[in-house]
Amino acid sequence: MQSITKTYRASFREKGSKFIGFLFPVETTEQFESRLSDIKSDYPDATHHCYGWRMDPNDLGEFAQDDGEPAGTAGLPILNQLKSYDMVNSGCVVVRYYGGTNLGKSGLIRAYGEAAKRCLEQASFSKLIPTRNFRVIYPYSQQSKIDQLKHTFDLKEIDSQYLEKITLKLACRLKQADTFWQEIQNIEHHGIEVKKGEASYVTLASTD
C-alpha cells in the first residue's frame with residue numbers, strides 16, 4: 001500500500017465539460033469532509049463534486065460518491081483509480097463544470113477516471129507497512145538478546161527510554177508479529193518484559 005504527503009491537482013476538458021481533480025492525504029473521514037468542504041467553497045458553482053477515498057491500512061475502508069451523476073459513473077471510477085495504485089489514507093475529489101453536451105455513462109466513467117489518473121500520475125508516493133507495536137522493558141545486561149531479535153525480525157524503533165532499565169517501543173511488520181511475540185515470550189525469564197500493543201503502520205521514504 002502507498003500514500004501521499006501533499007495535494008496534487010489536474011484538469012482537462014471533455015466535449016465542453018471541465019474536470020478538475022484533487023488528490024490529497026487524509027487519515028479520517030472528518031479530515032476528508034473538511035477538505036471536501038474547502039473544495040466546494042472554492043468551486044461553489046460547479047455542477048458536481050464527486051469523490052472516492054480509501055483509509056486505514058490495518059482495517060481498510062473505502063467510499064465513493066457520484067453527487068448526482070448516474071450511479072457508478074463518477075465516484076466508482078475515481079475509487080478504482082485509487083485502488084489500481086494501491087492507495088490508502090488518500091482521497092480524490094473531481095469537480096465537473098457541465099459544458100452542455102451529455103457524455104453518456106461510458107464517457108462519464110472515462111472522464112472521472114481520467115481526472116483521478118492524471119492526479120496520480122503526478123504524485124510521489126510513500127509506502128505504508130502495516131505493523132504491530134510492542135513495548136519491551138529489559139535490563140542493560142540483556143541488550144545482546146534484544147539485538148539478536150532486531151537482526152532476526154524487521155523491527156523499527158519508535159521510541160526509547162534509558163533509565164534504570166531500557167524501554168523500547170518497537171514496530172514489527174504485521175506478518176511477522178505473531179512469530180516475534182512467541183520468540184520474545186520465550187526469553188521473558190531473563191527479566192525481559194513485553195506488552196503487545198495496537199496495530200499501526202510505518203511510512204517509508206517517498207518515491208516517484
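Our structure's up above, just so we're on the same page.
All residue numbers refer to position in the chain's written sequence, counted from 1. A pLDDT threshold of at least 70 governs which residues receive local features in this predicted model, and a stricter bar of 80 or more applies before side-chain atom pairs are shown or counted, although totals over entire chains, interfaces and linings include all residues. To obtain the side-chain values, all non-hydrogen atoms of the structure were used and water was disregarded.

A. Main features of the packing of helix α2 (residues 75-84) against helix α3 (residues 104-122). Note on geometry: axes are lines fitted to C-alpha atoms, helical ones only across the stretch in contact, with angles between N-to-C directions running from 0 to 180 degrees. A run of DSSP states H or I qualifies as a helix once it reaches four residues; a run of E qualifies as a strand once it reaches two. Both are numbered from the N-terminal end. The N-to-C vectors of α2 and α3 enclose an angle of 35 degrees; their axes lie 8 Å apart at closest approach. Our pair here, α2 against α3, has a crossing hand that is right-handed. Residues Pro77, Ile78, Gln81 and Leu82 of α2 lie in contact with α3, whose contacting residues are Ile109, Tyr112, Gly113, Ala116, Lys117 and Leu120. Here the nonpolar group is Ala, Val, Leu, Ile, Met, Phe, Trp, Tyr, Cys and Pro; Asp, Glu, Lys and Arg are the charged ones; every other residue, Gly included, is treated as polar. For the contact of α2 with α3, a count of residues per class yields 7 nonpolar, 2 polar and 1 charged. Note: crossing handedness is left-handed where the near helix turns anticlockwise from the far helix by less than a right angle, and right-handed where it turns clockwise. When checking whether two residues touch, look at their non-hydrogen atoms; a contact exists if any pair is within 4.5 Å.

B. Spatial organisation of the pattern of salt bridges. The term salt bridge refers to a pairing of a side-chain nitrogen on Lys or Arg with a carboxyl oxygen on Asp or Glu at a separation within 4 Å. Overall, the coordinates contain 8 salt bridges when judged by the stated rule. Arginine 54 is paired through a salt bridge with glutamate 62; the nearest N and O atoms lie 3.0 Å apart. Residue classification places arginine 54 among the buried residues on the basis of a relative accessible area of 8%. A salt bridge links arginine 96 to glutamate 69; the nearest nitrogen and oxygen atoms lie 2.9 Å apart. Taken together, the residues span a long stretch of sequence, with arginine 96 in strand β6 (residues 90-97) and glutamate 69 in the loop between β5 (61-65) and α2 at a distance of 27 residues. Burial here depends on accessible area, computed with a 1.4 Å probe over protein chains only, as a share of the maximum for the residue type. Under 20% is buried, over 50% is exposed, and the range in between is partly exposed. Residue classification places arginine 96 among the buried positions, given a relative accessible area of 4%.

C. Up close: the environment of leucine 82. Tracing the backbone through its elements, the reader meets leucine 82 in helix α2. Separated by 79 residues in sequence, leucine 82 and serine 3 have C-alpha atoms that sit 9.8 Å apart. Excluding its chain neighbours within four sequence positions, the residues that come into contact with leucine 82 are Leu23, Gly52, Trp53, Arg54, Met87, Ser90, Cys92 and Leu120.

D. A look at the pairing of strand β7 (residues 125-138). With 10 of 14 residues buried, β7 lies mostly within the body of the structure. In short, DSSP must find at least two bridges between two strands for them to pair. When strand β1 (residues 2-3) meets β7, the two strands line up antiparallel, connected through 2 bridges. Looking across to β7, one finds that glutamine 2 is bridged to lysine 127. In the sheet, β7 pairs with strand β9 (residues 166-173) via 8 bridges, with the strands oriented antiparallel.

Scope: geometric values only; no functional claims are made or implied.
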